[in-house]
Amino acid sequence: MRNARTRRAVLDAAIAALVVAGMGLARGVYSNELMLFNFIMFLTLSQGLNIIYGFTGYLPFGYVGFFGAGAYGFALAVIHLHLPAIAAMGCAALAALVLAVILLPLLRLSGAYFAIASMAAAQALYEVIANPDLEDVTKGPYGVSLSNVFAPALSYYFALAVLAVTLLLVVWLRNSRFGMSLQAIRDDSVSAAMAGIGVVHGRTVAWMLSALIAGLVGGVFAWHISVFYPDTAFDLSISIFSTVFLLFGGATTLLGPLLGVFILYGVYNVIGIAVPQYFQFTYGALIVLLVLFLPNGLVSLLTSRGIRVP
């Protein structure tokens, strides 16, 4: 059993390494760096969302709140503390973790109540950040400029490092006792508690890890683009895209969110930019077909035949 689990973990890690290496090499052969960066961003966010939803069953529609907190944690550290970019990334992570601690009571909710409450919390944070009265602190609705730390190459590879760590974290969760305990909590929290599993502890750790990932992505996003506004950092479409990519590919797996991002975000970049008038129809049709015929995502095509999906 242990040998089989080790082989599965090695296979999962190999897939993660191929994805990271591919995205690293792509920068040298494809000129649209911003599009590649967005791929990395959504690959990481969808896996971060996978940790809290795929392993515990909590779906935060306000996941963008952690992303925005990380972006502004980074920006304010650069502006007010004059920290270098690498050190400011620590502030991005800290901002997301502080927000996660503040929102811990939301885990007492479930289902749609939790999803909507998390979205309301993200909107509330946006209103605070965008308040014109706080212009001296947050720059209010007028946005921030971080041209003094602008370094597209370094920020790109830092984002790649965050993706690598996130993928390895998911690999560990899929093959560890702790990850299996989280899935037990997701399937039946009462039975899991009776079996001696720390339900509150498990959910808390997953929540904090998921928030940390989003905060780091938000921080490196702020670093990479250098000029952004509250509407950009707290754009609800970031949560929507990450959720759709995750559900389209298949939650709880490593491969599912990767497929979701590469396929759907690839379609978005081909159709949504080239022929935007057809984008919403095509995107909507894909999602409707998925919900009707593959409610567990694309990976269910394999799992329904007894094939293990990484």
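Small disclaimer: the values here were computed from a predicted structure and weren't measured.

**Quick word on the overall build of the protein chain**
So, step 1. Scanning the protein chain from terminus to terminus reveals 15 helices and two strands.
So, step 2. What you see for the protein chain is a C-alpha radius of gyration of 19 Å, in line with the 19 Å of a compact globule of 310 residues.
So, step 3. Across the 310 residues that make up the protein chain, the buried fraction comes to 50%.
So, step 4. Partitioning the contacts of the protein chain with sequence separation of at least 6, the portion at a separation of at least 24 is 77%.

**Quick word on the packing of aromatic side chains**
So, step 1. Enumeration over the complete set of coordinates arrives at 22 aromatic pairs.
So, step 2. Relative to tryptophan 207, the ring of phenylalanine 66 lies with its centre 5.2 Å away and its plane at 80°, an arrangement referred to as edge-to-face. Residue phenylalanine 66 is located in helix H3 (residues 64-80), and its partner tryptophan 207 is located in helix H10 (residues 199-225); the two are separated by 141 residues in the primary sequence.

**Focus on the pattern of salt bridges**
So, step 1. Following the criterion strictly, the structure yields three salt bridges and no others.
So, step 2. A salt bridge links arginine 174 to aspartate 12, with the nearest nitrogen and oxygen atoms 3.4 Å apart. In this pair, arginine 174 sits in helix H7 (residues 152-175) while aspartate 12 sits in helix H1 (residues 2-29), placing the two residues 162 residues apart along the sequence. The exposure classification of arginine 174 matches that of aspartate 12, with both residues buried.
So, step 3. One salt bridge connects aspartate 187 with arginine 186, and the closest N-O pair in it is separated by 3.0 Å.
So, step 4. By relative accessible area, arginine 186 is classed as partly exposed at 29%.

**Description of the packing of H3 against H10**
So, step 1. Close contact between H3 and H10 brings their axes to 6 Å; oriented N to C, the two are set at 50°. The orientation of H3 relative to H10 falls into the category oblique. The two elements H3 and H10 cross, and the hand of that crossing is right-handed. Each of Phe66, Phe67, Gly70, Ala71 and Phe74 in H3 lies in contact with H10, whose residues at this interface are Trp207, Ala211, Ala214, Gly215, Val217, Gly218, Gly219, Phe221, Ala222 and Trp223.

**Quick word on a nonpolar patch on the surface**
So, step 1. Together, Val288, Leu289, Leu292 and Phe293 give the surface a local cluster of nonpolar side chains, amounting to about 440 Å² of exposed area.
So, step 2. Here phenylalanine 293 shows up in helix H14 (residues 276-293).

Criteria and cut-off values
- Residues numbered from 1 in each chain as written.
- Predicted model: local features only at pLDDT ≥ 70, side-chain atom pairs only at ≥ 80, totals over all residues.
- Heavy atoms only, no water.
- Helix = DSSP H or I, 4+ residues; strand = E, 2+ residues; numbered from the N terminus.
- Rg over C-alpha atoms; globule rule 2.2 N^0.38 Å.
- Buried < 20%, exposed > 50% of the residue type's maximum accessible area, 1.4 Å probe, protein only.
- Contact = heavy atoms within 4.5 Å.
- Phe/Tyr/Trp six-rings, centres within 6.5 Å; stacked < 30°, edge-to-face > 60°.
- Salt bridge = Lys/Arg side-chain N within 4 Å of Asp/Glu carboxyl O.
- Axes fitted to C-alpha atoms, helices over the stretch in contact; angles between N-to-C directions.
- Parallel < 35°, antiparallel > 145°, perpendicular 65-115°, else oblique.
- Left-handed = near helix turned anticlockwise from the far one by under 90°.
- Patch = residues over 30% accessible without salt bridge, like charges linked within 9 Å, V, L, I, M, F, W, Y side chains within 5 Å.
- Areas by Shrake-Rupley, 256 points an atom, 1.4 Å probe, with all protein chains shown as cover.

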